[in-house]
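# Structure assessment
Residue strings, one per chain:
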Amino acid sequence: MTRLAILGAGAWGTALAQAAARAGSQVTLWGRDAALMDEIATARCNERYLPGVALEPAIEATAALEAAAEAEALLLVAPAQHTRALAERLAPLIPPSCPLVICAKGIEQGSGLLMSEVLAEALPGRPLAVLSGPTFAAEVARGLPAAITLAAEDQVLAEGLIASLGSRAFRPYLSNDPIGAQIGGAVKNVIAIACGIVAGRSLGDNARAALITRGLAEIVRLGLAKGGQRETLMGLSGLGDLLLTCSAMQSRNFSLGAALGEGRALADILAERRTVAEGVHSASSVSTLAARLQVEMPIVEAVDQVINQGAQIDQTIAGLLARPFKAESL
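Now for a look at the structure at hand. (Residues numbered from 1 in each chain as written. Predicted model: local features only at pLDDT ≥ 70, side-chain atom pairs only at ≥ 80, totals over all residues. Heavy atoms only, no water.)

### Remarks on the overall build of the protein
The test is simple: Put simply, DSSP H or I for four residues or longer makes a helix, DSSP E for two residues or longer makes a strand, and each gets a number counted from the N terminus. Put simply, the radius of gyration uses C-alpha atoms, and a globule should come to 2.2 Å times the residue count raised to 0.38. In this scheme, a residue with accessible area under 20% of its type's maximum is buried, one over 50% is exposed, and one in between is partly exposed, where area comes from a 1.4 Å probe on protein chains only. For this analysis, residues touch if any pair of their heavy atoms sits within 4.5 Å. Surface exposure here means Shrake-Rupley accessible area, sampled with a 1.4 Å probe, where a residue is shielded only by the protein chains that are shown. Charged residues are defined narrowly, with Lys and Arg counted positive, Asp and Glu counted negative, and His plus the chain ends left uncounted. Lys charges are placed at NZ, Arg charges at CZ, Asp charges at CG and Glu charges at CD.
Along its length, the protein carries 16 helices and eight strands. Taken against the 2.2 N^0.38 rule, which gives 20 Å for 330 residues, the C-alpha radius of gyration of the protein at 19 Å falls within 12% of a compact globule. Looking at the protein residue by residue over its 330 residues, the buried ones come to 53%. Here the analysis covers contacts within the protein between residues at least 6 apart in sequence; of these, 72% occur between residues at least 24 apart. For the protein, the computed accessible surface area is about 13800 Å², with 53% contributed by carbon and sulfur atoms. Averaged over its 26 positive side-chain charges, the protein has a centre that lies 3 Å from the centre of its 31 negative ones.

And the structure:
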């Protein structure tokens, strides 16, 4: 596969376009905002989302979905809650053999479906893969080293995608567990909001380390219940992504949690942002899925209560700290 399309022209979509072009692929970068795509095509830079990063020559920017759909594989980078609508638009445009690579990290609100399950409904029968791992878009766009998981049940497909995307600086690792890769990517965003709240409340590094570790336990419990593999959740798309997202203000979810912890209102924080913090949407989605599978996830539930149910942060933290002592186990 030498012709790839990146569907979603935010920071991560643009960074993936950069990585694919450096790997030798011809890349079409698609976004629904025609004015933005014209600006990117003219300036050869996505100043709105990745200022100061010049686009590789092999990248073509377009707002025409029909043109992007002509690629040999499509990387779906639009936010998770927009994936179904995008897939429905693609349905009449792409053949059944066209591979789809899930790059959004989230679970659909209301249904509690993984992105692979959403695509199975909206675009049934298409070959699927998942790209997920510890990657800040700005660093990938600049060509700094990063490693990521490429998960697919079809190993031939996965190897072909690795050849199309991989380079010395952007290193995909093969996995046969797309479910685990999706669970790790979705839940870590919720845990990152919790870690940000701890930072904003100045509760210390010990508390953050405890949240990361017990958050990983929640990720593993849900992943196993959903059919994922423990090894995946201990790898790049699980533990690796969790560590990165919970440790830096560069993380949209961590920084949002920090602002909440400092006492700011969620509506005010979101109003200032152009980018999406997937954990805001995934908090309720993960809680829905956990309840359905009867998986205990107290940290996720606490974030959901704060984000979506108006719970007070200090009272919610007190509730977590009042939980009974128990054996440490995943």
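### Re the pairing of strand β7 (residues 146–151)
It is a general feature of regular strands that their side chains alternate between the two faces of the sheet. The condition is simple: Each pair of strands is called paired provided DSSP finds at least two bridges between the two strands.
With five of its six residues buried, β7 lies for the most part within the structure. In the sheet, strand β6 (residues 128–132) pairs with β7 via three bridges, with the strands oriented antiparallel. Looking at the pairing, V130 lines up with A151 of β7. Bridge count between β7 and strand β8 (residues 170–175): six bridges; the pairing is parallel. Across the sheet, residue A151 finds its bridge partner in β8, namely S175.

### Some words on helix α4 (residues 83–90)
So the rule is basically this: Arc, as used here, means the arc of the directions from the helix axis to the C-beta atoms.
Among the residues making up α4, those that are buried are T83, L86, A87 and L90. The buried residues of α4 occupy one face: seen down the axis, they fall within an arc of 100°. For α4, the elements touching its buried residues are β1 (3–7), β2 (26–30), α3 (65–68), β4 (73–76) and α5 (115–122).

### Some thoughts on the sheet that holds β1
We apply this condition: Where helices are involved, their axes are fitted lines through C-alpha atoms of the stretch in contact, as for all axes, and angles between N-to-C directions lie from 0 to 180°.
Within the open sheet, the eight strands sit side by side as β3-β2-β1-β4-β5-β6-β7-β8. Their pairing is mixed. Edge positions in the sheet fall to β3 (59–62) and β8, since each of these pairs with one other strand and no more. Across the sheet, the mean angle separating the axes of adjacent strands is 25° when strand polarity is ignored. Pairing of strand β5 (residues 100–102) with β6 involves three bridges; the strand directions are parallel. If you follow I102 over to β6, its bridge partner there is V130. This element, α5, spans β4, β5 and β6 of the sheet and lies at about 150° to β5. The strands touched by helix α11 (residues 236–245) within the sheet are β6, β7 and β8, with β7 carrying the most contacts at an inclination of about 145°.

### A closer look at the packing of helix α15 (residues 298–308) against helix α16 (residues 313–321)
Note the threshold: Comment on the angle field: the value is read as roughly parallel under 35 degrees, roughly antiparallel over 145, roughly perpendicular from 65 to 115, and oblique elsewhere. Crossing handedness is read from the near helix: turned anticlockwise from the far helix by less than a right angle, it gives a left-handed crossing, and turned clockwise, a right-handed one. Any residue that is not Ala, Val, Leu, Ile, Met, Phe, Trp, Tyr, Cys, Pro, Asp, Glu, Lys or Arg is counted as polar, Gly included; the first ten are nonpolar and the last four charged.
Contact geometry for α15 and α16: axes closest at 10 Å, N-to-C directions at 165°. With respect to their mutual orientation, α15 and α16 come out roughly antiparallel. The two elements α15 and α16 cross, and the hand of that crossing is right-handed. Residues P298, I299, A302, Q305 and V306 of α15 form the contact with α16, whose own contacting residues are I313, T316 and L320. Tallied by class, the residues present in the contact of α15 with α16 amount to six nonpolar, two polar and no charged.

### Describing the pattern of salt bridges
Operational definition: Put simply, a salt bridge is a Lys or Arg side-chain nitrogen that is within 4 Å of an Asp or Glu carboxyl oxygen.
Tallying each qualifying case throughout the model produces 13 salt bridges. One salt bridge connects R264 with E272, and the closest N-O pair in it is separated by 2.7 Å. Among the charged side chains, a salt-bridge network with shared partners connects R84, E108 and E121.

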